[in-house]
Amino acid sequence: LDKGVDTQRVAQETHQLLLGAGIDAILDERNLSAGARFNDFELLGFPYAVLVGKAWKQDEKIEIRTRATGTVEVLTPSDAVKVLSERIANARLGK
């Protein structure tokens, strides 16, 4: 979570979109470096991280990082929720 007011607002709104889509999501608002938060993301084993920061400031998009592959996708918040919803549904079905 970037410390800018706009990015904080977008992070909170995206968090609510994720929750509304039935996705368990945690909003990390701790006053720690990005590196420390990424380390915790890895240690806790979350399959995805949704990041609001540089991509938002440049293109009003957010990032989805997939822990298993290390891939990063840059999407609008609503597209990110759709993509994650589909992936989680497929994972639950064993696809």
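Anything mentioned here points back to the structure above.
To start, this report covers the structure provided alongside it. (Residues numbered from 1 in each chain as written. Predicted model: local features only at pLDDT ≥ 70, side-chain atom pairs only at ≥ 80, totals over all residues. Heavy atoms only, no water.)

1. Some thoughts on the sheet that holds strand β3 (residues 72–75)
Strands belonging to one sheet form pairs held by backbone hydrogen bonds; the direction of such a pair is parallel or antiparallel.
Okay, step 1: Pairing is antiparallel in the open sheet, where 3 strands are placed in the order β1-β2-β3. Because the sheet does not close on itself, it has two edges, and the strands there are β1 (48–51) and β3. Strand-to-strand twist in this sheet, taken as the mean axis angle between neighbours without regard to direction, amounts to 20°.
Okay, step 2: Where β1 lies against strand β2 (residues 62–66), 4 bridges are found, and the strand directions are antiparallel. Its bridge partner lying in β2, Ala49 is registered against Arg65.
Okay, step 3: Sheet contacts for helix α4 (residues 77–92): β1, β2 and β3; angle to β2, the most-contacted strand, approximately 20°. (Pairing = 2+ DSSP bridges. Helix = DSSP H or I, 4+ residues; strand = E, 2+ residues; numbered from the N terminus. Axes fitted to C-alpha atoms, helices over the stretch in contact; angles between N-to-C directions. Contact = heavy atoms within 4.5 Å.)

2. Details of α4
Note: α-helices contain 3.6 residues per turn, so residues at a spacing of three or four share the same orientation.
Okay, step 1: For α4, which comprises 16 residues, the first-to-last C-alpha distance of 22 Å matches the rise-based estimate of 22 Å (1.5 Å per residue) to within 8%.
Okay, step 2: Looking only at α4, the buried set comprises Pro77, Ala80, Val81 and Leu84. In a view along the axis of α4, the buried residues occupy a sector of 95°, so they form one face of it. In α4, those exposed residues whose orientation departs by more than 90 degrees from the buried face are Lys82 and Glu86. (Expected span 1.5 Å × (residues − 1). Buried < 20%, exposed > 50% of the residue type's maximum accessible area, 1.4 Å probe, protein only. Arc of directions from axis to C-beta.)

Shape descriptors only; they carry no functional weight alone.
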